[in-house]
Amino acid sequence: MSATLVDPQDKYHSDGFVEQPQEWPGLQREMKPVPDCGEDSYVGTGRLGGRRALVTGGDSGIGRAAAIAFAREGARVAINYHPREQADADDLKEVLDREGLELLQFPGDLTDEAFCLKVVDDARAQLGGLDLLVINAGYQQAQKSIEDISHEQFDRTMKTNVYAMFWMSKRAAESMPAGSAIINTASVNSFNPVEELLDYATTKGAIEIFTKGLAKQLATKGIRVNAVAPGPVWTPLQISGGQLEGKIGQFGQDTPIGRAGQPAELAGLYVTLAEPGNSFTTGSVFGANGGTGVV
Ligand code: NAD
Ligand code: MG
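Anyway, here's the lowdown on the structure attached to this text. Every value quoted in this text rests on a predicted model; they were computed, and no experiment measured them. (Residues numbered from 1 in each chain as written. Chains lettered and ligands numbered in written order. Predicted model: local features only at pLDDT ≥ 70, side-chain atom pairs only at ≥ 80, totals over all residues. Heavy atoms only, no water.)

**Describing the environment of Ser169**
On the secondary structure map, Ser169 appears in helix H4 (residues 151–175). C-alpha separation for the pair Ser169 and Ile183, spaced 14 residues apart in sequence, amounts to 9.8 Å. Excluding residues that lie within four positions of it along the chain, Ser169 makes contacts with Leu133, Ile135, Ile182, Phe210 and Leu214. Side-chain polar atoms of Ser169 contact the backbone oxygen of Met165, separated by 2.4 Å. (Helix = DSSP H or I, 4+ residues; strand = E, 2+ residues; numbered from the N terminus. Contact = heavy atoms within 4.5 Å. Polar contact = N/O pair within 3.5 Å; in protein donor to acceptor, adjacent residues only side chain to side chain.)

In structure tokens form, the structure reads like this:
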């Protein structure tokens, strides 16, 4: 058998994009092109057999790519998403249904502490346990200046990206068995803030440090905590307020690889951080950014 070599420069759409604003949170089924989450490409080999996973923001983008990969690697998978994203969540369910793979759906708003605790408890109950938690939901609204960031926006960005991570990982860690993994989604903004993402970048910096600190605490429980730090990836987050007007056309074109990433290209990192073979890897952040050199 010989490996098929593929040039990453032209493996996916590399022509830039048309402006296509959507109301937050955006649906990926309406995007042009529709983000590639590995629906037709990810092949599992049993790396997560018997695992029980909850993925936030699992309806679309990076979380959806992780959910597809986990399911095809043998895990039982539950996703959370905002109720306005039911259509994307149902599309994903259909993809997995066709393969005889189950997907549990837990819609609800993660800015609410009570809901965050409930979704962890409900997922654990319905999956028959919980040993893999991907905290991936995120809120990003670009603003030119600090003067344009309202109290409400700052608060929502903090609640979604930082508080929900705190509430959910605290609740999950109480009962996760040794061998479990928590995976957060950080960003290149964790290390080098994009000027117009001040509030968002602040939360991504917090996620990076929280990941490293929690890994130290949970090491003695046998729970690993890591993060993936993406660069520009083609997802609904970007076209529903995540970029300033006029910036979508060239989104991701300035990476050394010359294009934006697709969610499918990150799925393998989440699987790697989840699987038991990488048992010495904890408290680390792994980049996927097309070569920008940030992480
Ligand atoms: P996405 O829009 O597909 O996913 C974000 C998800 O967050 C939404 O699908 C939604 O389900 C969830 N969400 C947001 N607010 C919520 C709320 N109040 N309640 C419940 N769910 C809520 O976009 P994505 O790019 O795949 O984002 C996933 C993660 O990747 C985010 O943490 C984002 O910050 C991070 N990230 C993305 C990029 C990129 O370029 N796309 C780069 C770096 C980091
Ligand atoms: Mg979505």
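Moving on from the model shown.
**Digging into the nonpolar core**
Core analysis: the largest hydrophobic core is formed by 36 residues, its most contacted members being Leu54, Met168 and Ile182. Elements with a contribution of two residues or more to this core: strand E3 (103–107), helix H3 (113–127), strand E4 (132–135), H4, helix H5 (198–218) and strand E6 (224–230). Ranked by residues supplied to this core, first place goes to H4 with 8 residues. Formed by 33 residues, the second largest nonpolar core is a distinct cluster that contains Cys37, Val55, Ala69 and Val77. (Core = buried A, V, L, I, M, F, W, Y, C linked by side-chain atoms within 4.5 Å. Buried < 20%, exposed > 50% of the residue type's maximum accessible area, 1.4 Å probe, protein only.)

**Focus on the side chain of Thr235**
Looking at the element boundaries, Thr235 is found in the loop between E6 and helix H6 (236–242). For Thr235, a relative accessible area of 7% translates into the label buried. For Thr235, the contacting residues outside a window of four places in its chain are Met31, Pro35, Gly61, Ile62 and Pro263.

**Quick word on the packing of H3 against H4**
One can describe the packing of H3 onto H4 by two numbers: an axis separation of 9 Å at closest approach and a directional angle of 35°. Considering the relative orientation of H3 and H4, their crossing is right-handed. Contacts from Glu113, Cys116, Leu117, Val119, Val120, Asp121 and Arg124 in H3 reach Ala164, Trp167, Met168, Arg171, Ala172 and Ser175 in H4. Of the residues that constitute the contact of H3 with H4, the class distribution is 8 nonpolar, 1 polar and 4 charged. (Axes fitted to C-alpha atoms, helices over the stretch in contact; angles between N-to-C directions. Left-handed = near helix turned anticlockwise from the far one by under 90°. Nonpolar A, V, L, I, M, F, W, Y, C, P; charged D, E, K, R; others polar.)

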